[in-house]
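Summary of structural features
Take a look at the letters that make up each chain.
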Amino acid sequence: MKLRNLIKIIGLASFFLAAPVGADIKLVAKVDQTAAGFPSHFSYKNLQEPVIGPSGHVAFAGLAFDGRAYTKAAWAGLPGDLEAIIKENDTIAGFPGNVFFSDVSSSFLISRSGAVAFSATLKGAITRNTALVYRNGVTQGILKAADPAPGFPPGTVVGEVTPLAISDAGVVLGGMTTAGAALWFWDFEKIERISTTIGDCNYFSLAVYVPGSVGINQTGNVVFNATLYSGDKKKCFSGGVFKWSNGKTELLVADGDPVPGMPDAVFGVSLTESPPKINDQDEIIFTAKLIQITSSRSTNNSIWIKNGLNEPRLLLLGGEGLKEKSDNLIFPAIFLDSNFANFGYSMLPVIANGLDVLLAGKPREIQPYDDPKGTGATQLTTIAAKNDQPPGFDPSWYYNIFSNRAINNAEQYVFTGYSANALERRSVFAMWRGTGTERPRLIAQDGMKCSINNVEYILRDIDLFPTKAVTLSTAGGQSSWFSDTGEIVFRASLNSSSNVAILLGPVNAI
């Protein structure tokens with residue numbers, strides 16, 4: 001049973017006791033409202049989790065209902081100017097007439113100008129997943145199963161294809177061929193294979209089906225983790241963080257590279273489970289295991305940010321203490337949730353002294369430790385910690401669970417979670433936001449009153465993409481629910497569980 005459902009059973013009435021009044025909220029789409037791009041007798045049904053791009057373009061999937069039958073569809077655009085970008089049984093530009101759209105099968109990726117990439121299942125002559133891109137009013141197919149594989153020897157054909165990252169420079173695609181895994185770059189006109197060779201070595205990319213496994217910025221620079229291999233083990237024995245740009249691949253940070261300021265330590269980066277990201281300043285965030293090259297071979301986990309030819313700057317080291325409570329040590333587990341925005345701004349979830357903590361800030365200018373087990377206080381600021389009193393709630397309340405998180409290039413953050421009452425058996429799902437490292441402000445909660453088009457509603461069942469707890473950012477060409485203009489897109493019920501809507505906002509504190 002989901003935690004939210006359990007909370008409803010424990011005390012549904014608790015959502016409506018205080019009912020604080022929030023800011024005005026914009027309506028993007030609502031069940032039973034006329035579906036954009038369809039005749040007027042079609043209405044929205046089964047609206048699915050929306051995403052938002054850096055400039056405020058939104059995208060979501062769902063059903064259109066004419067009173068008799070349901071049609072699967074996807075919508076995108078600026079709120080108030082949505083288009084149905086594809087409908088069930090539509091043919092697809094660039095594909096034969098016997099291949100039709102069936103359903104959306106991934107989250108949407110949205111560029112700064114509003115181009116949308118997503119995976120879809122097909123019906124007809126081809127039924128496997130493929131990558132579609134909506135741009136300038138047209139939804140186009142790029143590659144499909146059984147196509148000749150670009151950049152491979154003749155006779156090599158494509159299997160399934162997935163969009164991995166998008167920017168206004170193009171789309172990174174991943175997939176399988178009859179000759180193995182591949183990464184491609186499509187600049188909205190032509191497609192090319194991202195080279196698998198670097199010097200005398202080949203690399204092997206580990207996650208060609210996972211959005212977020214690569215990053216791209218506005219100039220088309222692409223980053224990813226990979227391992228090297230070749231017949232010459234002396235030359236090709238490791239791997240690391242790779243960058244592809246203008247048809248060339250380079251190894252930016254390699255296994256065995258020295259750690260800045262740590263003469264007895266080297267980086268281990270090729271097999272980290274958190275892939276690197278890149279922002280529009282060409283900064284790259286990456287996780288690394290620091291390996292002490294003495295007989296002890298002790299290790300520690302860390303997160304770094306690298307800019308061009310400059311040495312990486314330390315963002316977080318396992319075992320550091322909190323800035324506000326230096327004896328509260330950060331558990332040195334593998335950091336799986338590294339993400340950032342422009343100018344190195346980051347928000348990171350950690351465990352300190354056994355409690356969940358959210359940190360925010362930028363990397364160090366000077367690295368203070370001379371070995372991987374260096375101790376000291378982190379430069380990052382604690383913006384929320386489990387058991388602390390949440391802003392906007394009375395003293396008897398405390399943070400119980402943190403869930404979704406997002407940051408943007410305006411150095412703002414948003415997070416959600418459950419606030420629990422120490423004196424009563426009830427919890428409330430809520431949302432907080434802040435700027436930089438400032439204390440957060442409560443902006444929404446289940447049971448909150450809101451005004452939409454001058455009509456007052458009560459929000460219920462606030463829901464955000466994705467369901468798993470990760471930190472999202474508009475940097476690197478990935479999905480988010482928080483734009484660079486400070487808008488938050490989310491799904492919620494208005495008054496009743498059947499009145500589901502996709503909403504934009506709120507942007508002000510309660």
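This text follows the structure it describes.
These lines cover the structure that appears in this document, whether it is placed above or below. Remember, predicted model here, so these are calculated numbers, not experimental data.

Here we take up the overall build of the protein. On a plain count of helices and strands, the protein comes out with one helix and 39 strands. A compact globule built from 510 residues would reach a C-alpha radius of gyration of about 24 Å, and the protein, at 24 Å, matches this within 12%. Its C-alpha atoms give the protein principal-axis dimensions of about 70 × 65 × 35 Å. Evaluated residue by residue, the protein yields a buried proportion of 58% over its 510 residues. Partitioning the contacts of the protein with sequence separation of at least 6, the portion at a separation of at least 24 is 52%.

With that out of the way, let us pick up the pairing of strand E28 (residues 346-352). When you tally the buried positions in E28, you get five out of seven residues, the bulk of the element. The pairing of E28 with strand E29 (residues 355-361) spans seven bridges and is classified as antiparallel. In the strand pairing of E29, Ser346 is matched with Gly361.

Taken in spatial order, the five strands line up as E1-E39-E38-E36-E35 in an open sheet, and their pairing is antiparallel. Looking at the sheet topology across the chains shown, the edges are occupied by strand E1 (26-30) and strand E35 (449-452). In this sheet, adjacent strand axes meet at a mean angle of 50° when their direction is disregarded. Pairing of strand E36 (residues 455-463) with strand E38 (residues 489-494) involves three bridges; the strand directions are antiparallel. Among the inter-strand pairings, Arg460 is bridged to a residue of E38, identified as Ser493.

With that settled, consider the side chain of Thr156. Inspection of the secondary structure assignment puts Thr156 in the loop between strand E11 (138-141) and strand E12 (158-167). Only 2.9 Å separates the side chain of Thr156 from the backbone oxygen of Pro153, close enough to count as a polar contact. Those residues within four positions of Thr156 in sequence are excluded, and the remaining contacts are Asp147, Pro148, Ala149, Thr177, Thr178 and Ala179.

A complete count under the given rule lists 19 salt bridges for this structure. A salt bridge links Lys123 to Glu88; the shortest N-O distance between them is 3.5 Å. Here Lys123 is found in strand E9 (residues 116-124), whereas its partner Glu88 is found in the loop between strand E6 (81-87) and strand E7 (99-104), with 35 residues between them in sequence. With a relative accessible area of 27%, Lys123 lands in the partly exposed category. Among the ionic pairs, Asp280 bridges to Arg112, the shortest N-O distance being 3.8 Å.

On to the packing of aromatic side chains, then. In this structure the tally under the stated criterion is 22 aromatic pairs. Aromatic side chains Tyr399 and Phe402 sit 5.1 Å apart centroid to centroid with 55° between the ring planes, which places their arrangement in the tilted category. The ring centre of Phe188 lies 4.2 Å from the NZ or CZ of Arg135, which sits over that ring. The aromatic ring of Phe152 is capped on one face by Arg193, whose charged end is 3.6 Å from the ring centroid.

Across the sheet, four strands lie side by side as E12-E13-E14-E15; this open sheet has antiparallel pairing. Strands at the two margins of the open sheet, each flanked by one partner only, are E12 and strand E15 (191-193). Sheet twist, expressed as the average angle between the axes of neighbouring strands with direction ignored, equals 25°. For E12 and strand E13 (residues 170-177), the ladder comprises seven bridges, and the chain directions are antiparallel. Residue pairing in the sheet places Val161 in a bridge with Gly175 of E13.

Residue Asn89 is not a glycine yet carries a positive backbone phi of 75°. According to the relative accessible area criterion, Asn89 is partly exposed, its value standing at 43%.

As a further point, take the nonpolar core. If you look at the biggest cluster of nonpolar residues, it comprises 67 residues, and the most contacted ones within it are Phe118 and Leu459. Setting aside residues no more than four positions away along its own chain, Leu459 makes contact with Ile25, Gln445, Asp446, Gly447, Met448, Cys450, Phe490, Ala492, Ser493, Leu494 and Leu503.

Along the chain, Asn387 turns up in the loop between strand E30 (381-385) and strand E31 (397-407). On the accessibility criterion, Asn387 (43% relative accessible area) is partly exposed. The spacing of Asn387 and Thr139 is 248 residues in sequence and 48 Å in space, taken between C-alpha atoms. Here Asn387 is in contact with Leu355, Tyr398 and Tyr399, once residues within four sequence places are set aside.

Reading guide: rules and limits
Residues numbered from 1 in each chain as written. Predicted model: local features only at pLDDT ≥ 70, side-chain atom pairs only at ≥ 80, totals over all residues. Heavy atoms only, no water. Helix = DSSP H or I, 4+ residues; strand = E, 2+ residues; numbered from the N terminus. Rg over C-alpha atoms; globule rule 2.2 N^0.38 Å. Buried < 20%, exposed > 50% of the residue type's maximum accessible area, 1.4 Å probe, protein only. Contact = heavy atoms within 4.5 Å. Pairing = 2+ DSSP bridges. Axes fitted to C-alpha atoms, helices over the stretch in contact; angles between N-to-C directions. Polar contact = N/O pair within 3.5 Å; in protein donor to acceptor, adjacent residues only side chain to side chain. Salt bridge = Lys/Arg side-chain N within 4 Å of Asp/Glu carboxyl O. Phe/Tyr/Trp six-rings, centres within 6.5 Å; stacked < 30°, edge-to-face > 60°. Lys NZ or Arg CZ within 6 Å of the ring centre and 35° of its normal. Core = buried A, V, L, I, M, F, W, Y, C linked by side-chain atoms within 4.5 Å.

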